[in-house]
Amino acid sequence: MLRQAEPTPQLLSAPPAAVNNRSSQPALDQVTGFRATIRCFHKVELHTVYDPSSSQKQRGSKGYKQRHKLVLLSAAEWTKLEKLAAILEPCRHVTDLLGGETYVSCSAVLPVLRFLDHTMKVSDEDSTYIVNFKTAFMKDLSEWKSALNYDWLKMATVLDPRFKDLKCLPREERESVWKKLEELLQDGSIKATSEPTDEPPKNKGLLCFSSDSDSDSDDVGSNALSLYKAEQTISETDCPLQWWSAHAGAHPQLSTLARKYLASPATSVPCEKVFSLAGNII
């Protein structure tokens, strides 16, 4: 049986993650930098850096600044800060999503990356500093993308009933993903799992001569995929493991593959949390 997990948070309404100066690590594992930055922005916005009891005129006076040794933000700087915080907010949501451990996250990587490409696309309305930020962000993210295991991520995506339509991939790449999945089904190494019973094993050797095993095996993959393709996609907030648990009887071989690919975490964040917690205890 597939282990049931918690429902997945809303995915594309507010999405990854983050960039810093360590280009040797996958982008989706670098979450600390952007989370700290966006948290700092919010603190600056919510907590004033001056005495709130003083008046606007007093705070703007030269004597007040010298006496309290404050460097106050100008109106233009506040505007820049607010716009940068708005850009970083989707990154914070994505790091929370892909860093989870109680729901399926591996199959959400490609949809989230597609969303980021759209979010960080430079527009004509963007200011110069916004253009510079988006350009630097996408440059660093593209470097980390090259280290991702795309073959595994594509299999996880197509085996997730939320994203099996593969809209996160270009049209010319979608058919190749289905062909790869069909090859896995015809490989013969994938065996459907079933609940153990008390019935003695039956000798099926005599039955092998009454069927054309070669021709039958060629249709296994295509028939299984046709049935799976006919299934409707589910909501982004639904749990794919619960779906596969309910449909394992209709798709026995595919459910075995789903258990293999969907069990992988999207990032190393859950493991790092365990080590951090262990360090605090020890």
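Residues numbered from 1 in each chain as written. Predicted model: local features only at pLDDT ≥ 70, side-chain atom pairs only at ≥ 80, totals over all residues. Heavy atoms only, no water.

Regarding the overall build of the protein chain
Argument step 1. Each helix and strand in the protein chain was counted, giving 12 helices and zero strands.
Argument step 2. Approximately 17300 Å² of the protein chain is accessible, and the part contributed by carbon and sulfur atoms is 54%. (Helix = DSSP H or I, 4+ residues; strand = E, 2+ residues; numbered from the N terminus. Areas by Shrake-Rupley, 256 points an atom, 1.4 Å probe, with all protein chains shown as cover.)

Focus: the packing of helix H8 (residues 171-186) against helix H11 (residues 252-261)
Between two packed helices, the angle of one axis relative to the other and the distance separating the axes together describe the packing.
Argument step 1. Direction vectors running N to C along H8 and H11 enclose 110°, while the axes themselves pass 10 Å from each other. Between H8 and H11, the angle falls in the class roughly perpendicular. Viewed along their axes, H8 and H11 form a crossing whose handedness is right-handed. On H11, the residues touching Leu181, Leu184 and Leu185 of H8 are Gln253, Leu254, Leu257 and Tyr261. (Axes fitted to C-alpha atoms, helices over the stretch in contact; angles between N-to-C directions. Parallel < 35°, antiparallel > 145°, perpendicular 65-115°, else oblique. Left-handed = near helix turned anticlockwise from the far one by under 90°. Contact = heavy atoms within 4.5 Å.)

Quick look at the environment of Leu184
Argument step 1. Mapped onto the secondary structure, Leu184 falls in helix H8.
Argument step 2. Taking the C-alpha atoms as reference, Leu184 lies 9.5 Å from Leu254; in sequence the two are 70 residues apart.

Details of unusual backbone geometry
Argument step 1. In this structure, Leu166 is a non-glycine residue whose phi angle is positive, near 60°.
Argument step 2. The residue Leu166 is located in the loop between helix H7 (150-158) and H8 in this model.
Argument step 3. Of the residues examined, Leu166 reaches a relative accessible area of 0% and is grouped as buried. (Buried < 20%, exposed > 50% of the residue type's maximum accessible area, 1.4 Å probe, protein only.)

Concerning the side chain of Lys164
Argument step 1. Summarising the element assignment, Lys164 is placed in the loop between H7 and H8.
Argument step 2. For the buried Lys164, no salt bridge is present, and the opposite-charge side chain at shortest range is Glu231, 7.1 Å distant.
Argument step 3. Beyond its immediate sequence surroundings of up to four residues, Lys164 is in contact with Thr157, Val158, Trp178, Tyr228, Lys229, Glu231, Gln232 and Thr233. (Lys, Arg positive; Asp, Glu negative; His and termini not counted. Salt bridge = Lys/Arg side-chain N within 4 Å of Asp/Glu carboxyl O.)

Description of H11
Argument step 1. When you tally the buried positions in H11, you get seven out of 10 residues, the bulk of the element.
Argument step 2. Those residues of H11 not exposed but buried are Gln253, Leu254, Ser255, Thr256, Leu257, Ala258 and Tyr261.

Some words on the nonpolar core
Argument step 1. If you look at the biggest cluster of nonpolar residues, it comprises 47 residues, and the most contacted ones within it are Leu98, Val158, Leu159, Leu181, Trp244, Leu254 and Leu257.
Argument step 2. Secondary-structure elements contributing two or more residues to this core are helix H4 (75-98), helix H5 (109-119), helix H6 (128-145), H7, H8, helix H9 (213-230), helix H10 (240-247) and H11. (Core = buried A, V, L, I, M, F, W, Y, C linked by side-chain atoms within 4.5 Å.)

Observations regarding the packing of aromatic side chains
Argument step 1. For the structure shown, the criterion picks out six aromatic pairs.
Argument step 2. When the ring of Phe133 is compared with that of Phe137, the centres are 6.2 Å apart and the planes differ by 40°; the resulting orientation is tilted. Here Phe133 pairs with Phe137, and both are found in helix H6, just four residues apart, close to one helical turn.
Argument step 3. Accessibility expressed as a relative area gives 22% for Phe133, which makes it partly exposed.
Argument step 4. Residue classification places Phe137 among the buried residues on the basis of a relative accessible area of 1%. (Phe/Tyr/Trp six-rings, centres within 6.5 Å; stacked < 30°, edge-to-face > 60°.)

Concerning the confidence of the model for the protein chain
Argument step 1. Residue-level pLDDT values for the protein chain average 75, and 62% of them are 70 or greater.
Argument step 2. Within the model, pLDDT remains below 50 along residues 9-32, and this stretch shows 75 contacts once partners closer than five positions in the same chain are excluded.
Argument step 3. Below pLDDT 50 for its whole length, residues 48-57 participates in 11 contacts with residues either more than four positions away or in separate chains. (pLDDT = per-residue confidence, 0-100.)

As for the side chain of Lys154
Argument step 1. Within the secondary structure layout, Lys154 lies in helix H7.
Argument step 2. Overall, the relative accessible area of 18% leaves Lys154 in the buried class.
Argument step 3. If we skip the residues at most four places from it in the chain, Lys154 touches Leu110, Leu169, Glu173 and Val177.

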